[in-house]
Amino acid sequence: MAVAILDAEFRQEPALAKIINNRLLTAAKELQDFHLACLHGRRSTAHCLIINLAYNQKYKIRYLIINDVPADIEYLVAERCSRLGYTHYKSTVNEHDRVFLS
């Protein structure tokens, strides 16, 4: 599942906020329905894969896989997202902390 993280505190013009938030929602839907459609055959993986999409400060889309997935799925998502021009969002939670959070 690809989830768009909308900017609730967009400080620019409301019309521009609507446009970029709609663009982010469309990007999340396209990533899920088209670019990662090959995962729909692998039901267990498709149901547990969660990808957040958001904008960085320069309004470029970034992605982050939220949950633990096999390395081949992580590679596939990274490859597809990089092809689309998305950057990887580096979270502040490191692997050591993730063990304690789960």
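The shown structure was predicted, so the numbers you read here are calculated from the model rather than taken from an experiment.

Draft legend 1. Expanded view of the sheet that holds strand E4 (residues 87–88). Strand order across the open sheet formed by four strands is E1-E2-E3-E4, with mixed pairing between neighbours. Each of the sheet's edge strands pairs with one partner strand only, and the pair in question is strand E1 (2–4) and E4. Relative to strand E3 (residues 61–65), strand E2 (residues 51–55) is paired through five bridges, and the arrangement is antiparallel. Across the sheet, residue Asn52 finds its bridge partner in E3, namely Leu64. Its contacts with the sheet place helix H1 (residues 14–35) against E1, E2 and E3, and it is angled at close to 155° to E2.

Draft legend 2. Summary view of the pattern of salt bridges. Scanning all chains against the criterion turns up three salt bridges. Lys29 serves as the salt-bridge partner of Asp33, at 2.6 Å between the closest nitrogen and oxygen. Placement of the pair is Asp33 and Lys29 together in helix H1, with a separation of four residues, close to one helical turn. Each of Glu79, Arg80 and Arg83 takes part in salt bridges that share partners, so that together they form one network.

Draft legend 3. Unusual backbone geometry, seen in detail. Positive phi is not limited to glycine here, since Tyr59 has a value of about 60°. Note that Tyr59 resides in the loop between E2 and E3. A residue is classified by how much of its surface remains accessible, and Tyr59, at 40% relative accessible area, is partly exposed.

Draft legend 4. How the structure looks around the nonpolar core. By size, the foremost hydrophobic cluster in this structure holds 22 residues, and its most contacted members are Leu36, Leu49, Ile51, Leu53 and Val77. Those elements that place two or more of their residues in this core are E1, H1, E2, E3 and helix H3 (71–83). In terms of residue count, H1 provides more of this core than any other element does, five residues in total. Once residues within four sequence positions are removed from consideration, Leu53 is found in contact with Val3, Ala4, Ile5, Leu24, Ala27, Ala28, Leu31, Ile61, Arg62, Tyr63 and Tyr86.

Parameters and conventions
Residues numbered from 1 in each chain as written. Predicted model: local features only at pLDDT ≥ 70, side-chain atom pairs only at ≥ 80, totals over all residues. Heavy atoms only, no water. Pairing = 2+ DSSP bridges. Helix = DSSP H or I, 4+ residues; strand = E, 2+ residues; numbered from the N terminus. Contact = heavy atoms within 4.5 Å. Axes fitted to C-alpha atoms, helices over the stretch in contact; angles between N-to-C directions. Salt bridge = Lys/Arg side-chain N within 4 Å of Asp/Glu carboxyl O. Buried < 20%, exposed > 50% of the residue type's maximum accessible area, 1.4 Å probe, protein only. Core = buried A, V, L, I, M, F, W, Y, C linked by side-chain atoms within 4.5 Å.

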